[in-house]
Amino acid sequence: MPPGASRQHRPVSCTGQSEIVVRVGAATASWVLADDNQLISMIRKATVTSGQPIGRPFVASLIGFGYWGPNLARNLSASRDFDLKYISDISSDCLESAKHLYRSSTCVADPAVALSDPDVDVVFVATPASTHFELCQEALRNGKNVLVEKPLTLDATSSEALVRLARQQGLMLAVDHTFVFTGAVQKLRELVVEGELGALRYFDSIRMNLGLVQSDINVLWDLAVHDLSILRFVTDRVPVAVSATGRAHAPSTQTSTAYMTLFYEDDFIAHIGTSWMSPVKIRRSLLAGTRQMVVYDDQDSGQQVKLFDSGVETSSVPGADRRRLVQTRVGDMLAPKVDTREALAVELKDLASCMRGEVEPLVPGESGLDIVRVLEAATRSLDQNGSPFPVVYDTA
């Protein structure tokens, strides 16, 4: 409230309604509210969007306590910025586990209980991708900010609808691309922004493990989505076309091993290999520039980022034919220090800052939408045995 302002809250006689009156100097404004819940919601929304501290944790509801939900619950319960009021899941076993671990939270099978509660500020959606659209839509329609597990949805049309709805409601829609919040990926972006790599040439990544085999999405939507979010965040680039090939290997009914090539407006190119059928877990990426190259290995806890002063150089050879001599340069390797905090804890701290209006989301709904567009084009390419498909970025 501005300096010198005053506020009164008083009942409106015989109606059961409330009137809130705000005076700033000689000016007066008043609103008649249907009930106290409307008053609470109005004050909360004004406080959250004003950028001022609210003096209490944000009230949170978690939908989904299967694979990723427990990680969110653990970090939410440890955070000073959030109060985990509800946990919901359709599985009775998951609910029993949640009740045992989080006794101060209300555990329910139906998420509608939490979505209709005016106290809830933000909803975390950690359910199968096929359910994301309906749950996020219902949360936004009920006036809740939303953080949804990747991918945003399974098609660009529904993702666009959620982005538009969030804008219309004046709410935050963010996508949980967790790797963006790791210290290693933050270091990659720092190296690119500061020009340490020079002009970017190519990105090559491999992301493989044995399972978890998904039933509602293929391996690109499950694993390559991580590399797409890293690539977009680190390079600030979006591809203009994509080619993808792959096969479904039993017992999977979805494509379980796939390779994706991304084409850009300039000569930068990216390649991502993914599989659910690898005997070892591999999470390794290489980003090459004209000055230096960097390797990011998520499985190497001691040296996740390695910067190589290596490259290929050319020099003119004296003579009439003006031939060019190609030489390799192999210099030192540097392993810079990276932030080792858990990515989800960092993400929740950032989310709270976003809800207070202090910063913009690192992965807003618009970024999640662009990644869905790439994956949708890749799926079309898969169906055509690798024929390149353009990625269309219509305004949501």
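Residues numbered from 1 in each chain as written. Predicted model: local features only at pLDDT ≥ 70, side-chain atom pairs only at ≥ 80, totals over all residues. Heavy atoms only, no water.

1. Section: the overall build of the protein chain
Here is step 1: A tally of regular secondary structure across the protein chain gives ten helices and 18 strands.
Here is step 2: A total of 396 residues make up the protein chain; the buried ones form 49% of that total.
Here is step 3: Within the protein chain, counting contacts between residues at least 6 apart in sequence, those at least 24 apart form 62% of the total.
Here is step 4: Per element, the accessible surface of the protein chain, about 19,300 Å² overall, is 51% carbon and sulfur. (Helix = DSSP H or I, 4+ residues; strand = E, 2+ residues; numbered from the N terminus. Buried < 20%, exposed > 50% of the residue type's maximum accessible area, 1.4 Å probe, protein only. Contact = heavy atoms within 4.5 Å. Areas by Shrake-Rupley, 256 points an atom, 1.4 Å probe, with all protein chains shown as cover.)

2. Remarks on helix α2 (residues 69-78)
Here is step 1: If you check which residues of α2 are buried, you get Gly69, Leu72, Ala73, Asn75 and Leu76.
Here is step 2: Looking at the buried positions of α2, the neighbouring elements they touch are β4 (58-63), β5 (82-88), β7 (122-125), β9 (173-176) and α9 (343-355).

3. Some words on the sheet that holds β4
Here is step 1: Across the sheet, six strands lie side by side as β6-β5-β4-β7-β8-β9; this open sheet has parallel pairing. Taken across any chain shown, the strands that pair with only one partner, and hence form the sheet edges, are β6 (106-108) and β9. In this sheet, neighbouring strand axes are inclined to one another by 20° on average, regardless of whether the strands run parallel or antiparallel.
Here is step 2: In the sheet, β7 pairs with strand β8 (residues 145-149) via four bridges, with the strands oriented parallel. Looking across to β8, one finds that Phe124 is bridged to Leu147.
Here is step 3: On top of the sheet, helix α3 (residues 92-101) reaches β5 and β6; it is set at about 175° to β6, its chief contact. (Pairing = 2+ DSSP bridges. Axes fitted to C-alpha atoms, helices over the stretch in contact; angles between N-to-C directions.)

4. Thoughts on the nonpolar core
Here is step 1: Counting 75 residues, the largest nonpolar core has Leu220, Met260, Leu262 and Leu287 as the members making the most contacts within it.
Here is step 2: With eleven residues, helix α8 (residues 219-235) is the single largest residue contributor to this core.
Here is step 3: Once residues lying within four places of it in the same chain are set aside, the contact partners of Leu262 are Leu228, Leu231, Pro239, Ala241, Val242, Ile269, Ala270, Ile272 and Val374.
Here is step 4: Among the nonpolar cores identified, the runner-up in size contains 28 residues, and Ala60, Leu62, Trp68 and Leu348 belong to it. (Core = buried A, V, L, I, M, F, W, Y, C linked by side-chain atoms within 4.5 Å.)

5. Considerations on the packing of helix α6 (residues 156-169) against helix α10 (residues 365-383)
Here is step 1: Relative orientation of the contacting elements α6 and α10 amounts to 170°, with a least axis distance of 9 Å. Taken as axis vectors, α6 and α10 run roughly antiparallel relative to one another. Seen from α6, the contacting residues are Ala156, Ser159, Glu160, Val163 and Arg167; seen from α10, they are Gly365, Glu366, Leu369, Val372, Arg373 and Glu376.
Here is step 2: Split into classes, the residues belonging to the contact of α6 with α10 amount to four nonpolar, two polar and five charged. (Parallel < 35°, antiparallel > 145°, perpendicular 65-115°, else oblique. Nonpolar A, V, L, I, M, F, W, Y, C, P; charged D, E, K, R; others polar.)

6. Concerning the packing of helix α7 (residues 183-193) against α8
How two helices pack is summed up by the angle between their axes together with the distance between the axes.
Here is step 1: Contact geometry for α7 and α8: axes closest at 8 Å, N-to-C directions at 35°. For the pair α7 and α8, the crossing hand works out as right-handed. Between α7, through Val185, Gln186, Leu188, Arg189 and Val192, and α8, the contact on the second element is made entirely by Ile230, Phe233 and Val234.
Here is step 2: In the contact of α7 with α8, the residues fall into six nonpolar, one polar and one charged. (Left-handed = near helix turned anticlockwise from the far one by under 90°.)

7. Things to note about the confidence of the model for the protein chain
Here is step 1: Across the protein chain, pLDDT averages 87, with 82% of residues at or above 70.
Here is step 2: Every residue in residues 21-28 is under pLDDT 50, and counting partners more than four places away or in other chains gives 20 contacts.
Here is step 3: A low-confidence stretch, residues 46-53 (pLDDT under 50), is modelled with 14 contacts involving residues beyond four sequence positions or located in other chains. (pLDDT = per-residue confidence, 0-100.)

8. Some remarks on the layout of surface pockets
Here is step 1: Its volume calculated, the largest pocket comes out at about 1,300 Å³.
Here is step 2: What lines the largest pocket is a set of 49 residues, and nearest its centre among them are Tyr67, Trp68, Asn71, Glu149 and Lys150.
Here is step 3: Those elements that provide at least two residues to the lining of the largest pocket are α2, α7, β10 (200-210), α8, β14 (277-289) and α9.
Here is step 4: Residue composition of the lining of the largest pocket, by class: 19 nonpolar, 16 polar and 14 charged. (1 Å grid on protein atoms, 1.4 Å probe; cavity = no way out; pocket = protein on both sides within 12 Å on 5 of 7 lines; lining within 4 Å. Points joined across faces, edges and corners; volume = space filled by probe spheres on them.)

9. Some words on the packing of aromatic side chains
Here is step 1: Applying the stated criterion across every chain, the model contains five aromatic pairs.
Here is step 2: With a centroid separation of 5.8 Å and 80° between ring planes, the pair formed by Phe82 and Phe124 is classed as edge-to-face. One end of the pair, Phe82, is in strand β5; the other, Phe124, is in strand β7, with 42 residues separating them in the sequence. For the pair shown, Phe82 and Phe124 are each scored as buried.
Here is step 3: Ring centres of Tyr264 and Phe268 lie 5.0 Å apart, and the angle between their planes is 70°; this geometry places the pair in the edge-to-face category.
Here is step 4: Counting every residue linked through ring pairs, the aromatic cluster contains Phe58, Phe82 and Phe124.
Here is step 5: Directly above the aromatic system of Phe179 lies the positively charged group of Arg207, at a separation of 4.7 Å from the ring centroid.
Here is step 6: Over the face of the ring belonging to Phe268 we find Arg237, whose NZ or CZ atom lies 4.8 Å from the ring centre. (Phe/Tyr/Trp six-rings, centres within 6.5 Å; stacked < 30°, edge-to-face > 60°. Lys NZ or Arg CZ within 6 Å of the ring centre and 35° of its normal.)

10. Here's the deal with the pattern of salt bridges
Here is step 1: With the rule as written, the count across this model stands at 21 salt bridges.
Here is step 2: Here Lys150 and Asp222 are joined by a salt bridge, their closest N and O atoms 3.4 Å apart. Taken as a pair, Lys150 in the loop between β8 and α6 and Asp222 in helix α8 lie far apart in primary sequence, 72 residues in all. Each member of the pair, Lys150 together with Asp222, is buried.
Here is step 3: A salt bridge links Asp267 to Arg201; its shortest N-O distance comes to 3.8 Å. You can see Asp267 sitting in the loop between β12 (257-263) and β13 (269-275) and its partner Arg201 sitting in strand β10, a full 66 residues away along the chain.
Here is step 4: With relative accessibility at 54%, the residue Asp267 sits in the exposed group.
Here is step 5: When its relative accessible area of 36% is taken as the criterion, Arg201 is described as partly exposed.
Here is step 6: Among the ionic contacts, a cluster of salt bridges with common partners joins Glu160, Arg232, Asp370 and Arg373. (Salt bridge = Lys/Arg side-chain N within 4 Å of Asp/Glu carboxyl O.)

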